[in-house]
Amino acid sequence: LRGGRSKARQTHGDIDLLFDEAAMVNEPFLDLMATLVDFVLVEGVRDVPGVGTEDCRLGGANEECGLGLGGTNVARPALAFQRGPIKRPERALQKLVRRYERDVAMLTDLVRC
């Protein structure tokens, strides 16, 4: 348990099906994430808790601030999108044994960036 919540689980425990599903959603997921990161880098971030410095939110200017939506000064988070490969089967099996007590439904990070 982390933060009082249990870990997300897959709806099934078929590892072959999980890898098939990962292969099917990998490119659309990575495309979506690339679009979201590009939007944040190009448009800036505004009124997002925990993002930016107090100086930026108060209208200060430094190398971390940029012009965001509506012309407001916002912090430019250090973001760089990198497409990641689907987790290798060998690594997934190691994680299943070492961390998830062989419960395949706990394996939720095959697709990643």
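Preceding this paragraph is the structure being described.
Residues numbered from 1 in each chain as written. Predicted model: local features only at pLDDT ≥ 70, side-chain atom pairs only at ≥ 80, totals over all residues. Heavy atoms only, no water.

Visitor: Break down the overall build of the chain for me, citing the residues and quoting the values.
Guide: On a plain count of helices and strands, the chain comes out with 3 helices and 2 strands. If you list the helices and strands of the chain from N to C, you get α-α-β-β-α. Looking at the chain residue by residue over its 113 residues, the buried ones come to 24%. Contacts in the chain between residues far apart in sequence, at least 24 positions, make up 64% of those at least 6 positions apart. Of the accessible surface of the chain, which amounts to about 8100 Å², a share of 54% is contributed by carbon and sulfur atoms. (Helix = DSSP H or I, 4+ residues; strand = E, 2+ residues; numbered from the N terminus. Buried < 20%, exposed > 50% of the residue type's maximum accessible area, 1.4 Å probe, protein only. Contact = heavy atoms within 4.5 Å. Areas by Shrake-Rupley, 256 points an atom, 1.4 Å probe, with all protein chains shown as cover.)

Visitor: Can you lay out the nonpolar core for me, pointing to particular residues and giving the numbers?
Guide: Counting 10 residues, the largest nonpolar core is built from Leu18, Phe19, Ala22, Ala92, Leu96, Tyr100, Val104, Met106, Leu107 and Leu110. Counting residues per element, this core draws most heavily on helix α1 (residues 15–43), which supplies 3 residues. With sequence-adjacent residues up to four places away left out, Ala92 is seen in contact with Phe19, Lys87, Leu107 and Leu110. (Core = buried A, V, L, I, M, F, W, Y, C linked by side-chain atoms within 4.5 Å.)

Visitor: Go over the pattern of salt bridges with me, naming the residues and quoting the values.
Guide: As enumerated under the stated definition, the model contains 6 salt bridges in all. The shortest N-O distance in the salt bridge between Arg9 and Asp103 comes to 2.7 Å. Linking Arg9 in the segment before α1 with Asp103 in the segment after α3 (89–98), this pair joins segments that are 94 residues apart in sequence. Judged by its relative accessible area of 48%, Arg9 falls in the partly exposed class. Put simply, Asp31 and Arg83 hold a salt bridge, and the shortest N to O gap is 2.6 Å. Residue Asp31 is found in helix α1, and its partner Arg83 is found in the loop between β2 (73–75) and α3; the two are separated by 52 residues along the sequence. For Arg83, a relative accessible area of 40% puts it in the partly exposed group. Through salt bridges with shared partners, a single network forms among Glu27, Asp31 and Arg83. (Salt bridge = Lys/Arg side-chain N within 4 Å of Asp/Glu carboxyl O.)

Visitor: Tell me about α3, and name the residues and values.
Guide: Where α3 is concerned, the buried positions are Ala92, Lys95 and Leu96. Within α3, the buried residues cover an arc of 100 degrees as seen down the axis, which keeps them to one side. (Arc of directions from axis to C-beta.)

Visitor: Describe unusual backbone geometry, with residues and values.
Guide: Backbone phi values are negative for most residues with the exception of glycine, while trans is the configuration of most peptide bonds. Its identity as a non-glycine residue notwithstanding, Glu101 has a phi of 50 degrees, on the positive side. Secondary-structure assignment places Glu101 in the segment after α3. Look at Arg102: it is not a glycine, yet its phi comes out positive at around 65 degrees. In this structure, Arg102 sits in the segment after α3.

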